[in-house]
Each structure stands twice: as C-alpha cells, then as structure tokens.
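# Results of the structural survey
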Amino acid sequence: MTEQTPAPEPAAAPTPTGADQRRGLLRVGERVQLTDPRGRLHTITLAPGATFHTHKGYFRHEELIGAPEGTTVTSSGGVEYLALRPLLSDYTLSMPRGAAVVYPKDAGQIVAMADIYPGARVVEAGVGSGALTLSLLRAVGDGGRLHSIERREDFAAIARGNVETFFGGPHPAWRLSVGDLSDVLPQAEAPGEVDRVVLDMLAPWENLDAVAAALAPGGVLIAYVATATQLSRLAEDVRADGRYTEPQAWESMVRGWHLEGLAVRPQHRMIGHTGFLLTTRRLADGVLPPLRKRRPAKGSQPGEAALVDEVGDVVTSRSFQEVPDAEWTPEALGERAVSDKKVRKVRRDVGQAPEAD
C-alpha cells in the first residue's frame, strides 16, 4: 500500500482591516458608548487619567480601560452606565463632523441597492465627514477598491481622521483625492474600469459624462440628493444623456417602536426625509435605451421637467433650462453653512489639524 502524503494545512487568511478593533478588551484611544438608565447615550474616547463628568457625578476612564464590552460602571453620584463599543451606525452619528453625514438608513440602502460587493471597484464623490465611506469600505473589503473624491481639503482631512480612527489606521482599499470629480476621475481611472459610482453632491448631473466614461457596461450609478428639484433635474439629464437605463428613485423612512409591557406602539418621533436616492445603470457603447412610453403628467408642458406621483399629480414642475447654475448652492437648497471655526475644531478633534495650527 502506497502511503499518501497529507495535504498541507491551508494558510490562515489575513485578518480583515479593522476586525481586531471590534474585539477584545476596551483599550486606550477607543471610542466607547455609554448608556444611562434612561437610555441616553454618551460617547467618550478612553484616555489615561481622564474622567467622565455629568451633573450626577463622575467616574475615571481607568475603570473601563482593560474591561470587556458590556461592563457597567457607577459614577460617584450612583448612576450606572453600560459601556459598549459603538456599532457602525452609532459611530457615524456621534463622530466629529464638518459636513452633514449620510444617515445609516441611507448608507444601508446605497450598499444594497447599488450592489456594492467585496472586491468591487467603487468611486465616491462628495466625501463630507466620511460616514458613507465607512460603509463602502466595509462592503468592498480589503480586496476591493474605493476612490473617494472631495472638493474641500478640510472636509477630506476630517474624513481621513474619522476613517482611520474607526479602522485603527489607513485602510488598504482606500484612496482619497482632493479636487473636482470631472477633473480627477478621467486622470485616476481608466475608461470602463469602474463598477460603481456613488455621488453625494449639489449638482450630480454636471458629472454624468465623466461617470459614463469611467463606468463599465452594466455598472451602477447611485446619487444621493436632498431636494425634489435636484432629483427631477438629475432624472431628466440621465434620460437625455442616452448612455444610462431609465432611472429609479425612492426615499426611506424609519419609525421606531415603543416596547414596554403591553404598551407596544409606534414611537411619536421618526427619522423621516433625509434625502432621495436615484439609481441607473450604464448601457453598452452604441446601445440606445428603449423608448419609454408613459402618460404625461397633468399640467406639464413641452420642455418642462415634472416630478409626478403614482396617480400622475404634479408635485413640482419647472423648466430647468431656465435655472442658472448659480442657483444650485447649499444656501439655495436650504443647507446650513459650516463655519471655518467649526471645521478647524473638528479637524483637531480627529487628529488632522492644519499645519498652521
């Protein structure tokens, strides 16, 4: 009988980036979420010699450093706090921010509806504070590629600080560039080599040409916009471009439930409108989209873009040919301007202070 040599043991797979940050005892420099008896949340960063204070007493951070998750600590005023590492959704809502963040409910929709998979080649434009970037990096994994492009250097610095804090250092799949998408994308990505593009910006329609050149046939473009006017303008420009499928748009709302004994009912507050999502896919070169037949909306006129509901009622109608580009500003769309002072403070909080500081 011939002896068979045993097969070699398979090499252990490398630990995915950030996984060790989610395990083990609580460490110095980690963000920890505290929950008090009334369900209120407090987020602290553990540091030697530091204390957590409220009007009901304090406790020292050393009581949590080296302790396991799920530990309770009692303040000098007799208040108990439950200590846990924040989940990704908790982290994005409590992390230092300059620009507004994409809410977890929308980030989850983007990852699922754009089919962002491990190993995907993704471009993100409009990084803000890096909240959506975290979800995209989780989805593409170490074997994928995420190229994030942000116009403002200060916002890019804040995003870098938040991402590196969450993953415990630089992520190997991430590249961050500062500049306009239309300038950076053609130089950074070969034509037809991008699987997914995610846009979070004021006027995404201005970049449809650059996105179409970068996307592979069948690739997905998903855009996040705040207002119905932006949504309507984008949908009409996608149709007029001729290189994309018929766009689909939706929004999501989250309503929590109160759970206490037999008093089970919807909560009075909910996370309502945060933004609209629009998806479309890249057609193969030289292919014309099928002619879409649809009933005209009531009140619409030739040359006008109309946003209609399921029964055909006009929600808003205006000829976007008459809207100057200068009108598409954060102030015109109801966004609050972020002061330079706040941005400088947030940069210091995430360890990305300008050199002048």
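Conventions we followed
- Residues numbered from 1 in each chain as written.
- Predicted model: local features only at pLDDT ≥ 70, side-chain atom pairs only at ≥ 80, totals over all residues.
- Heavy atoms only, no water.
- Salt bridge = Lys/Arg side-chain N within 4 Å of Asp/Glu carboxyl O.
- Buried < 20%, exposed > 50% of the residue type's maximum accessible area, 1.4 Å probe, protein only.
- Helix = DSSP H or I, 4+ residues; strand = E, 2+ residues; numbered from the N terminus.
- Pairing = 2+ DSSP bridges.
- Axes fitted to C-alpha atoms, helices over the stretch in contact; angles between N-to-C directions.
- Parallel < 35°, antiparallel > 145°, perpendicular 65-115°, else oblique.
- Left-handed = near helix turned anticlockwise from the far one by under 90°.
- Contact = heavy atoms within 4.5 Å.
- Nonpolar A, V, L, I, M, F, W, Y, C, P; charged D, E, K, R; others polar.
- Core = buried A, V, L, I, M, F, W, Y, C linked by side-chain atoms within 4.5 Å.
- Phe/Tyr/Trp six-rings, centres within 6.5 Å; stacked < 30°, edge-to-face > 60°.
- pLDDT = per-residue confidence, 0-100.

## What about the pattern of salt bridges?
Within the structure shown, the criterion is met by 18 salt bridges. For the salt bridge of K105 with D106, the shortest nitrogen-to-oxygen distance reads 3.3 Å. Each member of the pair, K105 together with D106, is buried. R233 is paired through a salt bridge with D237; the nearest N and O atoms lie 3.1 Å apart. Note that R233 and D237 are positioned in helix α7 (residues 228–241) at a spacing of four residues, about one turn of the helix. Relative accessible area serves as the criterion here: at 24%, D237 is assigned to the partly exposed category. A single network of salt bridges, built from pairs that share partners, joins R27, E30, E69 and R85.

## A closer look at the pairing of strand β10 (residues 194–200)
Two faces belong to every sheet, and in a regular strand the side chains alternate between them. Across the seven residues of β10, six count as buried, placing the element largely inside the fold. Taken together, the four bridges between strand β7 (residues 121–125) and β10 define a ladder with parallel strand orientation. Across the sheet, residue V122 finds its bridge partner in β10, namely R196. When β10 meets strand β11 (residues 215–225), the two strands line up parallel, connected through six bridges. In the strand pairing of β11, V198 is matched with I222.

## Brief notes about the packing of helix α3 (residues 131–140) against helix α4 (residues 153–167)
At a closest axis distance of 10 Å, the pairing of α3 and α4 adopts a crossing angle of 45°. Of the possible angle classes, the one that applies to α3 and α4 is oblique. As α3 packs across α4, the resulting crossing turns out to be right-handed. Taking contact as the criterion, the partners of T133, L134, L137 and R138 in α3 are, on α4, N162, V163, F166 and F167. Looking at the contact of α3 with α4, its residues break down into five nonpolar, two polar and one charged.

## Notes on the nonpolar core
Membership of the largest hydrophobic core comes to 34 residues, with the highest contact counts inside it found for I110, I116, L134 and V198. Put simply, the parts of the chain that give this core at least two residues each are α1 (88–94), α2 (104–113), α3, α4, β9 (174–178) and β11. In terms of residue count, α3 provides more of this core than any other element does, seven residues in total. Excluding anything up to four places from it in sequence, I116 contacts I110, V111, V122, L136, A139, V140, R196 and V198. Residues L221, V225, L234 and Y244 belong to the second largest nonpolar core, which totals 27 residues.

## Topic: the sheet that holds β10
Ordered in space as β9-β8-β7-β10-β11-β15-β12, the seven strands form an open sheet in which the pairing is mixed. Each having just a single partner strand, β9 and β12 (248–250) make up the two edges of the open sheet. Between one strand axis and the next, the sheet turns by 15° as a mean value, whatever way the strands run. Pairing of strand β8 (residues 145–150) with β9, which is carried by five bridges, proceeds in the parallel orientation. Its bridge partner being in β9, E150 is matched across the sheet by V178. Taken strand by strand, α2 contacts β10, β11, β12 and β15 (276–281), and its axis lies near 10° from that of β15.

## A look at the packing of aromatic side chains
Counted according to the given criterion, the structure contains five aromatic pairs. Ring centres of F52 and F59 lie 5.4 Å apart, and the angle between their planes is 45°; on these two criteria the pair is classed as tilted. As far as burial versus exposure is concerned, F52 and F59 are alike and both buried. Plain terms: the ring middles of Y91 and F166 are 4.9 Å apart, the flat faces sit at 55° to each other, and that makes the pair tilted. Of the two residues, Y91 sits in helix α1 while F166 sits in helix α4, which places them 75 residues apart along the sequence. Its relative accessible area of 3% is what places Y91 among the buried residues.

## What about α3?
Burial analysis of α3 places nine of its ten residues in the buried class, which makes it a mostly covered element. Turning to α3, its buried residues are A131, L132, T133, L134, S135, L136, L137, A139 and V140. Directly beyond the C-terminal end of α3, a positive phi value near 70° is found at G141.

## Overview of unusual backbone geometry
In this structure, D115 takes a positive phi of about 55° despite not being glycine. Position of D115 relative to the elements: it lies in the loop between α2 and β7.

## Some details on the environment of M253
Looking at where M253 falls in the secondary structure, it is placed in the loop between β12 and β13 (254–260). We classify M253 as partly exposed; its relative accessible area is 48%. Sequence separation between M253 and H273 is 20 residues; the distance between their C-alpha atoms is 6.4 Å.

## Observations regarding the confidence of the model for the protein chain
Residue-level pLDDT values for the protein chain average 87, and 84% of them are 70 or greater. Confidence drops under pLDDT 50 across residues 303–319; counting only partners more than four residues distant or on other chains, this segment forms 37 contacts.

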